[in-house]
Amino acid sequence: MPRMSIRLRALVVAGACACAGLLVSCGSDAPPPAPAAAPGAVPESRGGQQPVFDTSTGSWRTGAGNVAAQRPQSEAPHLIVARTMPTSGTPYELHLVQTRDEIYVPLGVRKPDGDGPFPAILVGSGNGNGGFSKIEQAMYRLEGMMDEMLKRGYVVAYGNYRNEIPGAYNSQDRAHNVADTTSGGARALKSACSLDSDDYISLIEHLQNLPYVKRDGVGTVGVSHSGELMFKVATEITWGAAAAIEPAVHEFLAMDRTNVPRIDNVIQMQEVAVARGAANLAIAKERVSRMSQTPFLVMGRDGDHNQGLFRLGYEVQAEAGRDVTWASANHPVHGYGLLYRKDDGTYAPDEMQREFFDDWMKFFDERLKK
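About the thresholds
- Residues numbered from 1 in each chain as written.
- Predicted model: local features only at pLDDT ≥ 70, side-chain atom pairs only at ≥ 80, totals over all residues.
- Heavy atoms only, no water.
- Helix = DSSP H or I, 4+ residues; strand = E, 2+ residues; numbered from the N terminus.
- Buried < 20%, exposed > 50% of the residue type's maximum accessible area, 1.4 Å probe, protein only.
- Areas by Shrake-Rupley, 256 points an atom, 1.4 Å probe, with all protein chains shown as cover.
- Patch = residues over 30% accessible without salt bridge, like charges linked within 9 Å, V, L, I, M, F, W, Y side chains within 5 Å.
- Salt bridge = Lys/Arg side-chain N within 4 Å of Asp/Glu carboxyl O.
- Lys, Arg positive; Asp, Glu negative; His and termini not counted.
- Charge placed at Lys NZ, Arg CZ, Asp CG, Glu CD.
- Phe/Tyr/Trp six-rings, centres within 6.5 Å; stacked < 30°, edge-to-face > 60°.
- Lys NZ or Arg CZ within 6 Å of the ring centre and 35° of its normal.
- Pairing = 2+ DSSP bridges.
- Axes fitted to C-alpha atoms, helices over the stretch in contact; angles between N-to-C directions.
- Contact = heavy atoms within 4.5 Å.
- Parallel < 35°, antiparallel > 145°, perpendicular 65-115°, else oblique.
- Nonpolar A, V, L, I, M, F, W, Y, C, P; charged D, E, K, R; others polar.
- 1 Å grid on protein atoms, 1.4 Å probe; cavity = no way out; pocket = protein on both sides within 12 Å on 5 of 7 lines; lining within 4 Å.
- Points joined across faces, edges and corners; volume = space filled by probe spheres on them.
- Right-handed = clockwise from strand over helix to strand, strands pointing away.
- Core = buried A, V, L, I, M, F, W, Y, C linked by side-chain atoms within 4.5 Å.

(A) Quick peek at the overall build of the protein chain. On a plain count of helices and strands, the protein chain comes out with 10 helices and 15 strands. Within the protein chain, buried positions represent 46% of all 370 residues. Carbon and sulfur atoms form 52% of the exposed surface of the protein chain, whose accessible area is close to 18,300 Å².

(B) Fine view of a negative patch on the surface. On the surface, Asp350, Glu351, Glu355 and Asp359 cluster together to form a negatively charged patch. On the secondary structure map, Asp359 appears in helix α10 (residues 351-368).

(C) Molecular detail of the packing of aromatic side chains. Scanning the model with the defined rule gives nine aromatic pairs in all. A centroid spacing of 5.9 Å and a plane angle of 85 degrees characterise the contact between Trp360 and Phe364, whose relative ring orientation is edge-to-face. In this pair, Trp360 and Phe364 both sit in helix α10, four residues apart, roughly one turn of the helix. Taken together, the ring pairs connect Phe231, Trp239, Phe252 and Phe296 into an aromatic cluster. One residue, Arg141, lies across the ring of Tyr340, its end atom 4.2 Å from the ring centre. Above the face of the Tyr169 ring, Lys232 is positioned so that its terminal group lies 4.6 Å from the ring centre.

(D) How the structure looks around the sheet that holds strand β14 (residues 296-301). Pairing within the open sheet is mixed, and its nine strands lie in the order β3-β4-β5-β7-β6-β10-β11-β14-β15. Edge positions in the sheet fall to β3 (79-84) and β15 (324-329), since each has one partner strand and no second. Between one strand and the next, the sheet's axes are offset by a mean angle of 20 degrees, whatever the strand orientation. Sheet topology note: the strand β6 (residues 118-125)/strand β7 (residues 155-159) ladder contains four bridges and is parallel. By the bridge assignment, Ala120 is partnered in β7 with Val155. Taken strand by strand, helix α6 (residues 225-233) contacts β6, β10 (213-223), β11 (241-245) and β14, and its axis lies near 135 degrees from that of β10.

(E) Up close: the side chain of Ser194. Within the secondary structure, Ser194 is located in the loop between β9 (189-190) and α5 (196-208). Ignoring anything within four residues of it in the chain, the contact list for Ser194 reads Arg100, Asp101, Arg162 and Ala175.

(F) Just unusual backbone geometry, in detail. A cis amide bond links Gly116 with the next residue in sequence, Pro117, at an omega value of 5 degrees. Position of Pro117 among the secondary structure elements: in the loop between β5 (104-110) and β6. For Glu102, which is not glycine, the phi dihedral falls at a positive 65 degrees. Take Glu102: it is sitting in the loop between β4 (91-98) and β5.

(G) Region of interest: the packing of α5 against α6. At a minimum axis distance of 9 Å, the contact between α5 and α6 shows a crossing angle of 80 degrees. Of the possible angle classes, the one that applies to α5 and α6 is roughly perpendicular. Listed contacts from α6 to Asp196, Ser197, Tyr200, Ile201 and Ile204 of α5 are His225, Ser226, Leu229, Met230, Lys232 and Val233. Residue composition of the contact of α5 with α6, by class: six nonpolar, three polar and two charged.

(H) Geometry of empty space enclosed by the protein. On inspection of all chains with the given rule, the structure shows one cavity of 30 Å³ or more. Volume-wise, the largest cavity comes out at about 30 Å³. What lines the largest cavity is Glu164, Ile165, Tyr169, Leu195, Asp196, Lys232 and Glu251. Here the residues of the lining of the largest cavity are counted per class, giving three nonpolar, no polar and four charged.

(I) Just the layout of surface pockets, in detail. There is about 350 Å³ of room inside the largest pocket. If you go around the largest pocket, you meet 20 residues; those closest to its centre are Glu164, Glu228, Ala248, His250 and Arg257. Tallied by class, residues from the lining of the largest pocket come to five nonpolar, nine polar and six charged.

(J) Quick look at the pairing of β11. Summarising burial for β11: five of the five residues are buried, a large majority. Side chains Ala241, Ala243 and Ile245 of β11 all project onto a buried face; the interleaved residues Ala242 and Ala244 project onto the opposite face, where all are buried too. Between the parallel elements β10 and β11, the chain passes through α6 in a crossover that is right-handed. Direction of pairing for β11 relative to β14: parallel, over a ladder of four bridges. From the neighbouring strand, Ala242 faces β14, where its bridge partner is Phe296.

(K) Looking closely at the nonpolar core. Of all hydrophobic cores here, the largest spans 51 residues; its most connected members are Leu253, Met255 and Phe296. At five residues, α5 tops the list of elements feeding residues into this core. Ranked by size, the runner-up nonpolar core spans 34 residues in total, among them Leu142, Met149, Ala329 and Phe364.

(L) Focus on the pattern of salt bridges. Evaluation of the coordinates by the stated rule reveals 21 salt bridges. A salt bridge links Arg152 to Asp358, with the shortest nitrogen-to-oxygen separation between them at 3.1 Å. With Arg152 in the loop between α3 (143-151) and β7 and Asp358 in helix α10, the pair connects residues that are 206 residues apart, well separated along the chain. The partly exposed category is assigned to Asp358, whose relative accessible area is 32%. The residue Glu315 makes a salt bridge to Arg276 at a minimum N-O spacing of 2.9 Å. Here Glu315 is found in helix α9 (residues 307-319), whereas its partner Arg276 is found in helix α7 (residues 272-278), with 39 residues between them in sequence. Relative accessible area serves as the criterion here: at 25%, Arg276 is assigned to the partly exposed category. Among the charged side chains, a network of salt bridges with common partners joins Arg152, Asp358, Asp365 and Lys369.

Laid out in structure tokens, this is it:
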């Protein structure tokens with residue numbers, strides 16, 4: 001087949017672009033015309049929107065423009081895929097949940113027999129990573145614990161979210177839709193990037209809107225960064241109850257850790273006084289003042305290098321008079337409150353783990369089964 005000439009290819013591209021409504025310059029040595037210069041003084045902003053020069057009309061556009069409505073989670077489309085656990089063959093559902101900026105994050109869901117509505121618990125751990133493979137691994141490793149939760153009458157879900165952007169929570173406002181001042185339509189344009197805390201909101205609201213879930217009976221339990229997400233999200237929405245296990249609330253407390261002691265580059269914040277010295281308490285207290293009525297159980301770990309941080313997360317809520325409870329244990333394993341299979345595949349939580357599991361399940365029973 002003869003090769004298409006450069007000139008002919010240029011004409012085909014130009015024709016295709018013209019059909020798509022795009023202005024291109026093809027097959028000419030002349031430079032493309034420069035965009036119209038913005039004439040005159042820049043108008044003042046209106047309604048918080050900065051003026052934009054529209055090259056199609058040769059004039060400034062000001063005012064709110066067309067802002068796309070933020071779709072509520074109840075109207076967001078989602079996808080459900082039937083899955084089974086490796087080894088055991090236990091069935092579960094993989095939900096792909098639409099987020100605030102209309103991408104999808106994975107959620108593994110198991111439910112008791114029957115139509116419900118049931119209370120539900122969203123489980124999480126650490127930062128977002130691994131895509132849906134993290135869900136597959138967690139559903140298998142936590143299968144024994146989830147079996148116990150199902151017997152207590154709960155829908156159980158494990159969620160994942162996008163990667164953390166360190167410092168972004170303290171450097172930008174929450175993303176919102178902004179005016180489409182270019183197309184003349186109402187495209188969904190964002191003021192900033194969405195964060196993992198936005199995804200966490202979508203996961204909670206997705207569970208609240210499932211037909212077999214009791215809307216006001218959704219709880220969350222999570223370790224480390226997942227625990228911090230609950231603090232952040234409580235400034236935006238209300239849900240049934242939150243159990244934060246060893247919550248790494250560095251960003252929520254707006255910490256400057258420059259002068260915090262370290263050993264082998266590991267932060268040493270065992271004492272709450274050290275955590276208070278690194279936190280911006282004015283910002284932290286303002287955030288706590290905006291938290292919803294969601295009750296919290298904050299669980300620390302005696303001897304952890306961040307125990308003072310966990311405790312301060314509790315204290316800033318308690319000092320504001322919020323419904324918050326503190327518990328701690330001397331356990332060697334970070335995240336001891338979640339009951340994983342052992343490396344050999346067996347499910348055998350130790351006595352202290354079982355005690356704390358029973359404690360946070362009782363916390364949920366009292367608040368989600370009303």
